[in-house]
Amino acid sequence: MESSQVVDLFRVFAAAELRVWLAGGWAVDAIVGRQTRAHGDMDVAVDTRDLRRLLELLGERCFVVTTDWAPSRLELTAPDGQAVDVHPVAFAEDGSGEQAGLGGDTFHYAADGFALGMIDGSAIPCLSVAQQLRFREGYELRAADIHDLELLRKYR
């Protein structure tokens, strides 16, 4: 996925007043302020209250659900190969959130888990450095994860 596509989709989300944040590798690049590696998709965390509207907006852009692991995650793909991996998050009054995982697991988003980054000079809501570091624990790291961790540790 190209940086211009990320910015374009986030403009659509902002115009619809959706609560959506970049996650995954693009969130690392948003914190750094520049693209540091190629990205096959764009991961987003979305407030569960905005999930239906987000899916509608992506559908209007010809994205279709290609992986349905609801309520944990949905992956949508467009005919041109763009892919968006959607992670629904249920928020509490204190600003923290929970995402259902597969097999009954739960992923916690701390209230400080959200930040603002930059992609191509555009401000983009994203997961904070602290949240991204928490999400890169407890599994075997891939080369992309190691790359991302090295960058995140510089911005702690």
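Our subject is the structure that appears above.
What you see is a predicted model; the values in this text were computed from it and never measured.

Parameters at a glance
Residues numbered from 1 in each chain as written. Predicted model: local features only at pLDDT ≥ 70, side-chain atom pairs only at ≥ 80, totals over all residues. Heavy atoms only, no water. Buried < 20%, exposed > 50% of the residue type's maximum accessible area, 1.4 Å probe, protein only. Helix = DSSP H or I, 4+ residues; strand = E, 2+ residues; numbered from the N terminus. Pairing = 2+ DSSP bridges. Salt bridge = Lys/Arg side-chain N within 4 Å of Asp/Glu carboxyl O. Patch = residues over 30% accessible without salt bridge, like charges linked within 9 Å, V, L, I, M, F, W, Y side chains within 5 Å. Areas by Shrake-Rupley, 256 points an atom, 1.4 Å probe, with all protein chains shown as cover. Contact = heavy atoms within 4.5 Å. Phe/Tyr/Trp six-rings, centres within 6.5 Å; stacked < 30°, edge-to-face > 60°. Lys NZ or Arg CZ within 6 Å of the ring centre and 35° of its normal.

S.K.: Would you explain the pairing of strand 5 (residues 83-91) in this entry?
M.R.: Working note: regular strand, side chains alternate between the two faces of the sheet. Most of strand 5 is tucked away: eight of the nine residues are buried. Looking at chain direction, strand 2 (residues 42-47) and strand 5 are connected through six bridges and run parallel. Counterpart to Met42 in the pairing with strand 5 is Val84. Bridge count between strand 4 (residues 73-77) and strand 5: four bridges; the pairing is antiparallel. The residue bridging Thr77 from the neighbouring strand is Ala83, located in strand 5. Between the antiparallel neighbours strand 4 and strand 5 lie five residues, among them Gly81 with a positive phi of about 100°.

S.K.: Honestly, the pattern of salt bridges in this entry has me stumped. Any pointers?
M.R.: Side chains that carry opposite charge are capable of pairing whenever their charged atoms lie near each other. Within this structure, the stated rule accounts for eleven salt bridges. Ionic pairing is found between Arg19 and Asp47, a salt bridge with its closest N-O pair at 2.9 Å. On the criterion of sequence distance, the pair formed by Arg19 in the loop between helix 1 (3-15) and strand 1 (20-23) and Asp47 in strand 2 is long-range, its members being 28 residues apart. We classify Asp47 as buried; its relative accessible area is 1%. Here Arg73 makes a salt bridge to Glu75, at a shortest N to O gap of 3.7 Å.

S.K.: What is the right way to look at a nonpolar patch on the surface in this model?
M.R.: Taken together, the side chains of Tyr139, Leu141 and Ile146 present a nonpolar region at the surface, about 250 Å² in accessible area. Examined against the element boundaries, Ile146 turns out to sit in helix 5 (residues 143-154). Judged by its relative accessible area of 41%, Ile146 is partly exposed.

S.K.: Hey, could you run me through the side chain of Ser122 in this one?
M.R.: As for its position among the elements, Ser122 is in strand 9 (residues 122-127). Using a relative accessible area of 15% as the deciding quantity, one classes Ser122 as buried. Those residues within four positions of Ser122 in sequence are excluded, and the remaining contacts are Val7, Arg11 and Gly117.

S.K.: It is not clear to me how the packing of aromatic side chains should be interpreted in this structure. Could you clarify?
M.R.: Geometrically, a pair of aromatic rings is defined through the distance of the ring centres and the angle of the planes. Using the criterion set out here, one finds seven aromatic pairs in the structure. For the pair Phe91 and Phe114, a centre-to-centre distance of 5.5 Å together with 50° between the ring planes defines the contact as tilted. Within this pair, whereas Phe91 is found in strand 5, its partner Phe114 is found in strand 8 (residues 114-119), the two being separated by 23 residues in sequence. Owing to a relative accessible area of 18%, Phe91 belongs among the buried residues under this scheme. Look at Phe107 and Phe135: their rings are 6.2 Å apart centre to centre, the planes differ by 85°, and that puts the pair in the edge-to-face class. Taken together, the positions of Phe107 in strand 7 (residues 106-109) and Phe135 in helix 4 (residues 129-135) put the pair 28 residues apart, joining distant regions of the chain. By relative accessible area, Phe107 is classed as partly exposed at 36%. Members of the aromatic cluster, connected to one another through ring pairs, are Trp21, Phe91, Phe107, Tyr109, Phe114 and Phe135. Here the basic side chain of Arg19 rests over the ring of Phe91, its NZ or CZ set 4.7 Å away from the ring centre. The ring of Trp69 is capped by Arg73, whose NZ or CZ atom sits 4.8 Å from the centre of that ring.

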